[in-house]
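# Fold and contact review
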Amino acid sequence: MITRFSCGALRASDAGAAVELNGWVNRRRDHGGLIFVDLRDRDGVTQIVFDPTHVSFKDAEHLRNEDVLRITGTVRKRPAGTENSTLATGEIEVGIDSLEILNRSQVPPFQINVDADVDVDLRLEYRYLDLRRPRMQNNIILRHKIVKTMRDFFDERGFVEIETPMLIKSTPEGARDYLVPSRLYPGEFYALPQSPQLLKQICMIAGFGKYMQIARCMRDEDQRADRQPEFTQLDVEMSFTNQEDVIETMESCIRRVWKNVLGVDLAPFPRLTYDDAMNKYGIDKPDLRFGLELAQVNDIFAGTDFVVFKSVIDTEGAIVALRYPGGASLSRRDFDALTEEAKTAGARGMVWVALGADGVKSSAQKFINDDHVAKLRSATQSETGDAILLFADARAHALAVAGKMRNAVGERCGLRDPKQFSFCWVLDFPYLEVDDETGKAYPAHHPFTSPGEGQWQYLHTDPLKMRAQHYDMVLNGYELGSGSIRIHKPEEQRAIFEMLGMTPQQIQDQFGFFVKALEYGAPPHGGMALGIDRIVMLAAGENHLRDVIAFPKNQSARDVMMDAPSAVPEQLLRDLYLKSTAPPPPDQAAGR
């Protein structure tokens, strides 16, 4: 009797069994009259041996990588000394009985059986081949396990998964909507959801109490390594809850995921206030895998003649110091390059102090005396052999630049180990942020967030003082997700909209359906959303979201495999009452 196995399942205990295997040719090798074919599927690789006396030997001579085969054969132990300890199947091989070539393959545009660097657009154009690579298959399977663990966790806690629609009303949430024109209602549009925020709150008003969803979301934003135009999030909402309940639930979920999927026991997540995060790390998503806390050192330079520092102190800005471990060994050219990196991060300049064993050197040598150096050492906990980097500007800007450079120094010094997982919570966010260019205030999270206890008093007197019941989960310098306790009273929701400058008509046009729902007994509620793509990226030790998403877009937000977005027939545009005003592509403009 022949039994079908996957290519990663056979072991020495299966010796003598008659088996069937199906898969792709991973590699073919000719050795001393024998042909060895490594047959691969998603579970692993098994070595198949073709003897020259066998009828299939001639066919085996013409096999190429990625040909699709079905073989039958007999499992046997490999000869002593030929075992492969890097393979789970490395103690056995299969002697061929029959070979069926199910399909031939063209020569792939890149190697699939090795994890080599390949041009990103080439990988995405041939994504079906890229996804055959073991690294990519492992990442996608890891994603499946993480999502399944999340679903199981929330099911055990009595949550109901509710699917919310993909065609919704366009509402401002801080990013551009993807719009879908309506054929039945000329000139009107649906929007693809940036998140299910209002819909999950309506589920609370509807009385479901505990909602979750593995939700697909879309935002028309510029691309970067940790962002895609469409993404997946774990979306959660709870009624009759408070901030502590939500934090406990979400932290417990992630601890379960890390334990069950990665075999890692996580310690309780430390908590930082927003102010502490900004003062110590210059960023509201701090990387806690390493220390290097920032120090504000205005007092050290009180009375200085150095015009850069003096002007900052006089205007109540900040001089922020950052320790660079081992930085004293850098050359002046290295410091120049580091200064340019700081300028790219937004700095107007940078002062460095190198604490060399043979003496102190600085880019502001005549203004840095022994007393300054001693106090800087103490403030930054620096040692001989280190360097100290100084950034002077308006306080918020100096901290932000120093925070970016702290991450850069951590990377240069090898302190950002991808196998180390340092979670934290950041709490007590300002309710409002101010746009540097326009000076306009906008919600730090979204306008459905409830101000913290005692914060409503600032609504009409000094709204920039308001703090929000808003919390972020952070891992290794990435924001995994945000949550908040929501406003559940209609008069309070209207008050927030009005504080943001919305007229009654704008409130009605954009959010009238939601405020109306709040008028029918909305319970206190709150929730959170975590980015599954980022979670999987960090769990897998990858640096880019595209490596944990089956079919991502490239850096230009294009699907290069399907060639999307693309032009559509003119008739379809007419059916939707649309007309394109875009210039023709270059090849059409040239008459091609």
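Refer to the structure printed above.
So, a few notes on the structure that sits alongside this text.

How each quantity is defined
- Residues numbered from 1 in each chain as written.
- Predicted model: local features only at pLDDT ≥ 70, side-chain atom pairs only at ≥ 80, totals over all residues.
- Heavy atoms only, no water.
- Pairing = 2+ DSSP bridges.
- Helix = DSSP H or I, 4+ residues; strand = E, 2+ residues; numbered from the N terminus.
- Contact = heavy atoms within 4.5 Å.
- Axes fitted to C-alpha atoms, helices over the stretch in contact; angles between N-to-C directions.
- Parallel < 35°, antiparallel > 145°, perpendicular 65-115°, else oblique.
- Nonpolar A, V, L, I, M, F, W, Y, C, P; charged D, E, K, R; others polar.
- Core = buried A, V, L, I, M, F, W, Y, C linked by side-chain atoms within 4.5 Å.
- Buried < 20%, exposed > 50% of the residue type's maximum accessible area, 1.4 Å probe, protein only.
- Expected span 1.5 Å × (residues − 1).
- Left-handed = near helix turned anticlockwise from the far one by under 90°.

### Details of the sheet that holds strand β23 (residues 525-531)
With respect to topology, eight strands assemble into an open sheet ordered β7-β10-β11-β23-β22-β21-β18-β12, the strand pairing being mixed. On the outer flanks of this sheet lie β7 (160-161) and β12 (271-273), each paired with one strand and no other. In the packing of helix α7 (residues 274-281) onto the sheet, contacts are made with β12 and β18 (423-427), and the angle to β12 comes to roughly 85 degrees.

### Side note on unusual backbone geometry
In this structure, Pro565 follows Ala564 across a cis peptide bond, with omega equal to 0 degrees. Position of Pro565 relative to the elements: it lies in the loop between α14 (532-539) and α15 (570-575). The phi torsion at Asp428 lies on the positive side, around 60 degrees, for a residue other than glycine. Even without being a glycine, Asn476 presents a positive backbone phi close to 50 degrees. Turning to its location among the elements, Asn476 is positioned in the loop between β21 (470-475) and β22 (478-485).

### Some thoughts on the packing of α7 against helix α11 (residues 395-412)
Between α7 and α11, the least distance of the axes is 8 Å, while the angle of their chain directions is 65 degrees. The angle between the axes of α7 and α11 places the two elements in the roughly perpendicular class. On α11, the residues touching Met278, Asn279 and Tyr281 of α7 are Arg395, Leu399, Gly403 and Arg406. Broken down by class, the residue content of the contact of α7 with α11 amounts to three nonpolar, two polar and two charged.

### Observations concerning the nonpolar core
In a soluble, globular protein the nonpolar side chains are often hidden away together inside. Leu234, Met250, Ile254, Trp258, Phe423 and Met473 are the most contacted members of the largest nonpolar core, which totals 42 residues. In terms of residue count, the dominant contributor to this core is helix α6 (residues 243-262) (eight residues). If we skip the residues at most four places from it in the chain, Leu234 touches Met150, Phe154, Met212, Gln213, Ile214, Met250, Cys253, Met528, Ala529, Leu530 and Ile532.

### A look at helix α4 (residues 134-156)
In this model, α4 (23 residues) spans 33 Å end to end at C-alpha, consistent with the 33 Å of a helix rising 1.5 Å per residue. On the buried face of α4, the contacting elements are α2 (120-125), α3 (127-130), β10 (210-218), β11 (230-239), α6 and α14. Phi turns positive one or two residues past the end of α4, at Gly158, with a value near 85 degrees.

### What to know about the packing of α4 against α14
As a packed pair, α4 and α14 sit with axes 10 Å apart at the nearest point and diverge in direction by 125 degrees. Relative to α14, the element α4 is oriented oblique. The two elements α4 and α14 meet at a crossing, and its hand is right-handed. Taken together, the residues of α14 that come into contact with α4 (itself represented by Asn139, Leu142, Arg143, Ile146, Val147 and Met150) are Ile532, Asp533, Ile535, Val536 and Ala539. A per-class count over the contact of α4 with α14 returns eight nonpolar, one polar and two charged.

It is worth stressing that arrangement in space is one thing and function is another; only the former is reported here.
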